[in-house]
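So you can see what is in the structure, the chains are spelled out below.
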Amino acid sequence: MTAINDRGQRLSGQALLQKLIAMGKSMIAILLGTVLLLPAVLYTMQDSLIFLPPPAPATAPRAAHVEAVKVPVGDGLVLSGWLASAVAPAVGQRAPLVIYFGGNAEEVSYMAGMAPNVAPASLLVVNYRGYGGNPGSPGERALFADALALYDWAVARPDVDAARVVLMGRSLGSGVAVHVAAERKPAGVVLVTPYDSIRDVAQSMYPTVPVSALLRHPFDSLARAPAIDTPMLALVAERDQVIPSRHARRLFEAWRGPKQWREIAAADHDSISSAPEYWASIRDFLAAGARLPSDERR
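Residues numbered from 1 in each chain as written. Predicted model: local features only at pLDDT ≥ 70, side-chain atom pairs only at ≥ 80, totals over all residues. Heavy atoms only, no water.

**Q** Where do I start with the overall build of the chain in this structure?
**A** From N to C terminus, the chain includes nine helices and 10 strands. Nonlocal contacts in the chain, meaning residues at least 24 apart in sequence, comprise 70% of its contacts between residues at least 6 apart. Counting only carbon and sulfur atoms, one obtains 58% of the accessible surface of the chain, whose full area is about 14,700 Å². (Helix = DSSP H or I, 4+ residues; strand = E, 2+ residues; numbered from the N terminus. Contact = heavy atoms within 4.5 Å. Areas by Shrake-Rupley, 256 points an atom, 1.4 Å probe, with all protein chains shown as cover.)

Pasting the structure below:
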């Protein structure tokens, strides 16, 4: 048996066999290197893959009535945000409140302009630590602790009705909202493009990688859902390629409290909030939640 190499030289059968063996070893080495390198890269770079902090907003948020707020959280940090409302707060009255938790690359100041969509409730938007010019570095434990501090700060305000606080979390922020709902007693939770856990989403993307052993930020909403009695609205994008709807469905099925599933046709992960039924569904949920007896809200 003979063959021609890449230089046009004839190879004997033995030489050809040796060349094929060498090529096979090289391919195996490349495959092993890839298998070993990918987990190392994912472990090292996971923070930059999960958290994408945007810069500070170029302009102040626009809203009919907006108050710049400073919220002290853990590690001695103070986070900046905005409390917005469509109408001027009445002196001496407590208003319902929606607290918004954004996505992994979202600078949330623009949300102050969405206050008319949740009226008569006010809307509290605060960038995560490390986001939008806020100090600190993001991480699961830090974001969870900050969110609890934010909730406690909000319900202690004299202008907030502590019995009518609703959490709203989008994408990454859905996990933050679920954690707060598990630790506190909000009147409702709105979850936009939610997931069962970041761990499960990542595992479906990298099926050959031991994600559970590598991931420092699992955001395991599924483990918390069976203990949460709070009413929940899930807003899911039919064409979501970032968080496929099966992950939202697992979370929805595990939720113990009253729940509504709203899948928005033709929407994807980013365009869902542009659909007319997006804010309409949220307004309906807030109106229904505001009428829940206090013993049902727990």
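**Q** What is the right way to read the side chain of N127 from this model?
**A** Summarising the element assignment, N127 is placed in the loop between β6 (122-126) and α2 (140-155). Only 2.8 Å separates the side chain of N127 from the side chain of E107, close enough to count as a polar contact. A polar contact is formed between the side chain of N127 and the backbone nitrogen of V108, at a distance of 2.9 Å. In this view, N127 contacts L79, S80, W82, E106, E107, V108, G132 and N134; residues no more than four positions away in its chain are not counted. (Polar contact = N/O pair within 3.5 Å; in protein donor to acceptor, adjacent residues only side chain to side chain.)

**Q** Help me understand the packing of aromatic side chains, please; the structure alone is not making it clear to me.
**A** Each aromatic ring pair is characterised by the separation of its centres together with the angle its planes make. Enumeration according to the criterion identifies five aromatic pairs in this entry. Taking the centre distance of 5.4 Å and the plane angle of 80 degrees together, the rings of F144 and F219 count as edge-to-face. On the criterion of sequence distance, the pair formed by F144 in helix α2 and F219 in the loop between α5 (211-214) and α6 (221-224) is long-range, its members being 75 residues apart. Take F144: its relative accessible area is 6%, and that puts it in the buried class. F219 gets classed as buried once you look at its relative accessible area, which sits at 0%. Taken together, the ring pairs connect F51, F144 and F219 into an aromatic cluster. When the ring centre of W261 is taken as reference, the NZ or CZ atom of R249 above it lies at 3.8 Å. Between K259 and the ring centre of F252, over which it is positioned, the NZ or CZ distance is 5.2 Å. (Phe/Tyr/Trp six-rings, centres within 6.5 Å; stacked < 30°, edge-to-face > 60°. Buried < 20%, exposed > 50% of the residue type's maximum accessible area, 1.4 Å probe, protein only. Lys NZ or Arg CZ within 6 Å of the ring centre and 35° of its normal.)

**Q** Sorry, what's going on with the packing of α2 against helix α3 (residues 172-183) here?
**A** Between two packed helices, both the angle of their axes relative to each other and the distance between the axes serve to describe the pair. Packing of α2 against α3 brings their axes to within 9 Å, and their N-to-C directions diverge by 60 degrees. By the criterion of interaxial angle, the relationship of α2 to α3 is oblique. Along this stretch, α2 crosses α3, giving a crossing that reads as right-handed. Across the interface between the two elements, L143, F144, A147, L148 and Y151 of α2 pack against L172, G175, V176, H179, V180 and E183 of α3. For the contact of α2 with α3, the per-class residue count stands at eight nonpolar, two polar and one charged. (Axes fitted to C-alpha atoms, helices over the stretch in contact; angles between N-to-C directions. Parallel < 35°, antiparallel > 145°, perpendicular 65-115°, else oblique. Left-handed = near helix turned anticlockwise from the far one by under 90°. Nonpolar A, V, L, I, M, F, W, Y, C, P; charged D, E, K, R; others polar.)

**Q** Would you explain the nonpolar core in this entry?
**A** With 52 residues, the main nonpolar core has I99, F101, L124 and L167 as its most contacted residues. Tallying contributions element by element places α2 first for this core, with seven residues. Those residues within four positions of L167 in sequence are excluded, and the remaining contacts are I99, F101, Y151, A177, V180, A181, P186, G188, V189 and V190. Counting residues in hydrophobic clusters, the runner-up holds 29 residues, among them V118, M168, Y278 and L286. (Core = buried A, V, L, I, M, F, W, Y, C linked by side-chain atoms within 4.5 Å.)

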